[in-house]
Amino acid sequence: MQMKMIKTNGINIRAHIEGSGPLIILVHGCPESWYSWRKQIGSLANAGYTVVAIDVRGYGGSDKPHAVSEYSLKKLADDIIGIIHELNFKTAILIGRDWGGPIVWHTALLNEDTITAVAGLSVPYFRRLNVTPIELFKQIYKDKFFYQIYFQDEGVAEKELEADIRKYLEATYFTADYRGMNDIKNAVFSASSNKSPESKLLDDINSFDSYPEWINKEEMDYLVGEFENSGLRGPLNRYRNYELDFKDMEHLAGKKISQPSAFLAGSHDPVNFFILPNGYKDSNDLRVNIEPQYENLVDVVLLDGAGHWVQEEKPKEVNDFLLKFLSKVN
């Protein structure tokens, strides 16, 4: 294992590097860290890969540019390509989760000769709509609280959430896993909340007396320390780039992911319910809904008993899924 600062695209990215062989880059979501892949890194490295789990810009030990525009999908994709070149590889396989999903999907779209295969967890690829996602959310949730709308004004969510990072992380993690999603109305990511638009994120949020099985207090301590040091402006700025992304990716309208691809989501991932009111019935239902966006969708799994943090909640199943996919594309 090696922790390394990698110069890329005018900034420094911190990466946990392990193993040797073809390059795999792991891209986390929000609010996460390279550490969120701790249950996958060893398995992938042992299978014969150079595994690079990064802190996305704005997180952990990576640089944290201030401007909102520094967190566009184009900037983040260029970070990934710079890492590949800096590590002296010509190609890479990408795996992303949550916001890491759109990052790896668009890096693949923009760099078809460099990215040889791509897998996503939680958030599938969807082609460009006629309006930005944030405008769509504002139409759908005009009379309700929705967390992504709340995140739009600079400094507002930062002030609330940075006041108690532990409370924010525990609420986010514990209400969006399988246990927490059994009552989705009072979850951080809920699309069915009855809170008013004037509410704050943590108002009336569910709380739990115990930790779930997939994370312990020592692991949470590490993550709390990371966000207490880094703050939340960088992570929240990603949500503030919908309009810039819409302009930057206009030339990709209608384009499918051409590389061999795979997708996995937990059966109780809240993202499922953003897309369909009742979520997906099974893996085949999931495939039918997302396959038109891909030219070569190798494998699709809807994993029972898992929520949003699927790679931590069900590490063995996720590792098996990834290794099976890798065996088909190498």
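Residues numbered from 1 in each chain as written. Predicted model: local features only at pLDDT ≥ 70, side-chain atom pairs only at ≥ 80, totals over all residues. Heavy atoms only, no water.

Student: Give me helix H12 (residues 283–290): which residues, what numbers.
Tutor: Of the residues making up H12, those classed as buried are Asp 285, Leu 286 and Ile 290. Considered in projection along H12, the buried side chains sweep an arc of 120 degrees and stay on one side of the axis. Among the exposed residues of H12, those pointing more than 90 degrees away from its buried face are Asn 284 and Val 288. The inward-facing, buried residues of H12 abut strand E7 (261–266) and strand E8 (297–303). A distance of 3.2 Å separates the backbone nitrogen of Asn 284 from a side-chain oxygen at the start of H12, and that oxygen is part of Asp 282. (Buried < 20%, exposed > 50% of the residue type's maximum accessible area, 1.4 Å probe, protein only. Helix = DSSP H or I, 4+ residues; strand = E, 2+ residues; numbered from the N terminus. Arc of directions from axis to C-beta. Contact = heavy atoms within 4.5 Å. Polar contact = N/O pair within 3.5 Å; in protein donor to acceptor, adjacent residues only side chain to side chain.)

Student: Break down the packing of aromatic side chains for me, with residues and values.
Tutor: In the structure shown here, the tally under the stated rule is 23 aromatic pairs. Summarising the aromatic geometry, the rings of Trp 99 and Tyr 242 are spaced 6.0 Å apart at their centres and angled 45 degrees between planes, so their arrangement reads as tilted. Here Tyr 242 lies in helix H10 (residues 242–248) and Trp 99 lies in the loop between strand E5 (92–97) and helix H3 (100–110), a separation of 143 residues in the sequence. Note on accessibility: Trp 99 and Tyr 242 belong to one class, buried. The interplanar angle of 70 degrees and the centroid separation of 4.9 Å between the aromatic rings of Phe 174 and Tyr 211 together place this pair among those described as edge-to-face. Here Tyr 211 lies in the loop between helix H7 (165–176) and helix H8 (217–230) and Phe 174 lies in helix H7, a separation of 37 residues in the sequence. (Phe/Tyr/Trp six-rings, centres within 6.5 Å; stacked < 30°, edge-to-face > 60°.)

Student: Tell me about the packing of helix H2 (residues 73–86) against H3, and name the residues and values.
Tutor: Here H2 crosses H3 at 75 degrees, and the two axes come no closer than 9 Å. In terms of orientation, H2 lies roughly perpendicular with respect to H3. Residues Leu 73, Lys 74, Leu 76, Ala 77, Ile 80 and Ile 81 of H2 form the contact with H3, whose participating residues are Pro 102, Ile 103, His 106, Thr 107 and Leu 110. Here the residues of the contact of H2 with H3 are counted per class, giving eight nonpolar, two polar and one charged. (Axes fitted to C-alpha atoms, helices over the stretch in contact; angles between N-to-C directions. Parallel < 35°, antiparallel > 145°, perpendicular 65-115°, else oblique. Nonpolar A, V, L, I, M, F, W, Y, C, P; charged D, E, K, R; others polar.)

Student: If you had to explain the environment of Glu 213 to someone new, which residues and values would you point to?
Tutor: One can find Glu 213 in the loop between H7 and H8. According to the relative accessible area criterion, Glu 213 is exposed, its value standing at 87%. C-alpha separation for the pair Glu 213 and Pro 102, spaced 111 residues apart in sequence, amounts to 28 Å.

Student: Could you give an account of the pattern of salt bridges, with specific residues and numbers?
Tutor: Per the stated rule, a full pass over the model turns up 19 salt bridges. Among the ionic pairs, Arg 57 bridges to Glu 70, the shortest N-O distance being 2.9 Å. You can see Arg 57 sitting in the loop between strand E4 (50–54) and H2 and its partner Glu 70 sitting in the loop between E4 and H2, a full 13 residues away along the chain. We classify Arg 57 as buried; its relative accessible area is 1%. Here Lys 138 makes a salt bridge to Glu 135, at a shortest N to O gap of 3.9 Å. Taken together, the residues span about one helical turn, with Lys 138 and Glu 135 both in helix H4 (residues 133–140) at a distance of three residues. Salt bridges linked by common partners bring Arg 57, Glu 70, Lys 75 and Asp 79 together as one network. (Salt bridge = Lys/Arg side-chain N within 4 Å of Asp/Glu carboxyl O.)

Student: Outline the nonpolar core, supporting the account with residue identities and numerical values.
Tutor: Among the nonpolar cores identified, the biggest contains 102 residues, and Ile 25, Leu 26, Ile 54, Phe 151, Leu 169, Tyr 173 and Leu 201 are the most heavily contacted of them. Element by element, the count of residues in this core is highest for H7, at seven residues. (Core = buried A, V, L, I, M, F, W, Y, C linked by side-chain atoms within 4.5 Å.)

Student: Residues and numbers for the pairing of E4, please.
Tutor: In terms of residue burial, E4 counts as a mostly covered element, since five of its five residues are buried. Along E4, one buried face is formed by Thr 50, Val 52 and Ile 54 and the opposite face, lined by Val 51 and Ala 53, is buried too. Bridge count for strand E2 (residues 11–18) against E4 is four bridges, and the pairing is antiparallel. Counterpart to Ala 15 in the pairing with E4 is Ile 54. Both strand E3 (residues 23–27) and E4 contribute to a ladder of four bridges, which runs parallel. Looking at the pairing, Leu 23 lines up with Thr 50 of E4. Note that the unit made of E3, helix H1 (residues 38–46) and E4 has a crossover that is right-handed. (Pairing = 2+ DSSP bridges. Right-handed = clockwise from strand over helix to strand, strands pointing away.)

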